[in-house]
Amino acid sequence: MAPKLAIAAAVGAAAFTVSNQIAAAKTQQAAYNFNAAIADRNAKVKEQDLEVFRRSHDLKMRRFTRDFRKLNDATLMAYSSRGIAMEGTPLLVAMENAAEFEEEKAILNFNAKVKEQSIQESAVNERLRGSLQRLYGKAAMKSGYAQAGATLLQAGARIGSA
């Protein structure tokens with residue numbers, strides 16, 4: 001009777017351990033999937049940030065262009081109202097202002113592109129982090145099932161030698 005009791009205890013212990021190993025693996029996978037969902041959400045937020053930044057930059061550039069035109073028109077009117085022809089120094093001043101405007105616009109656009117790339121890269125990194133978390137979850141499940149399988153084999157070996 002004692003060997004039957006030992007066998008029953010070994011089977012019960014193995015079943016309990018296997019059940020816990022699988023439950024732990026499922027819990028780990030759920031945690032990794034949760035982290036992946038957060039990373040996916042963060043990536044979407046970054047993409048929204050990028051769109052907001054692009055629109056904001058576009059508005060800023062329109063305002064900058066409008067302000068330059070107003071300044072340029074006011075300068076031209078001031079010269080005209082004083083009877084100064086747009087040649088020589090006034091023309092050089094207008095050309096220098098236009099060149100500075102174009103240079104400043106190019107700098108603003110360059111800086112905006114750098115910022116856009118940074119935001120895009122951040123979104124890509126979040127997506128990669130999410131993919132990695134899902135991969136970890138799958139690995140946790142495989143590991144849990146492998147441990148459960150090993151536990152069953154060990155229990156079988158113990159029962160067989162009893």
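The following paragraphs examine the structure supplied in this document. All values reported here derive from a predicted model rather than from experimental measurement. Sequence order as written defines the numbering, with residues in each chain counted from 1. Predicted model: local features are reported for residues with pLDDT of at least 70 only, side-chain atom pairs are reported and counted for 80 or more only, and whole-chain, interface and lining totals are derived from all residues. Heavy atoms throughout the structure, all of them, feed into the side-chain values; hydrogens and water do not.

Right, let's talk about the overall build of the protein chain for a bit. Helix and strand content of the protein chain: 2 helices and 0 strands. It is over C-alpha atoms that the radius of gyration is taken, and the globule rule equals 2.2 Å times the number of residues to the power 0.38. The C-alpha atoms of the protein chain give 35 Å as radius of gyration, which overshoots the globular expectation for 162 residues (15 Å, by more than 25%). Judged by the C-alpha coordinates and their principal axes, the protein chain covers about 120 × 20 × 10 Å. Buried residues in the protein chain amount to 20% of all 162 residues. In the protein chain, the share of contacts with a sequence separation of at least 24, taken over all contacts with a separation of at least 6, comes to 93%. For accessible areas, the Shrake-Rupley method is used with a probe of radius 1.4 Å. Any residue's cover is judged against the shown protein chains and nothing else. Only carbon and sulfur atoms are counted for the fraction: they give 61% of the accessible area of the protein chain, which is about 11300 Å². In summary, the charge assignment counts Lys and Arg as positive and Asp and Glu as negative, without counting His or the chain termini. Here the site of a charge means NZ on Lys, CZ on Arg, CG on Asp, or CD on Glu. The centroid of the 23 positive side-chain charges in the protein chain is displaced by 18 Å from the centroid of its 16 negative side-chain charges. Runs of H or I in DSSP of at least four residues are treated as helices and runs of E of at least two as strands, each being numbered from the N terminus. Relative accessible area decides the class of each residue, using a 1.4 Å probe on protein chains only: under 20% of the type maximum gives buried, over 50% gives exposed, and in between gives partly exposed. Only heavy atoms enter the contact rule, under which two residues are in contact if any of them lie within 4.5 Å.

In this section: the side chain of Q21. With respect to the element layout, Q21 can be found in helix α1 (residues 2-81). When its relative accessible area of 18% is taken as the criterion, Q21 is described as buried. Side-chain atoms alone can form a polar contact between residues adjacent in sequence; in general such a contact is a pair of N or O atoms within 3.5 Å, and within protein one must be able to donate a hydrogen while the other accepts it. Side-chain polar atoms of Q21 contact the side chain of T151, separated by 3.0 Å. Excluding its chain neighbours within four sequence positions, the residues that come into contact with Q21 are G144, Q147, A148 and T151.

Read these as layout, nothing more, since geometry by itself doesn't imply function.
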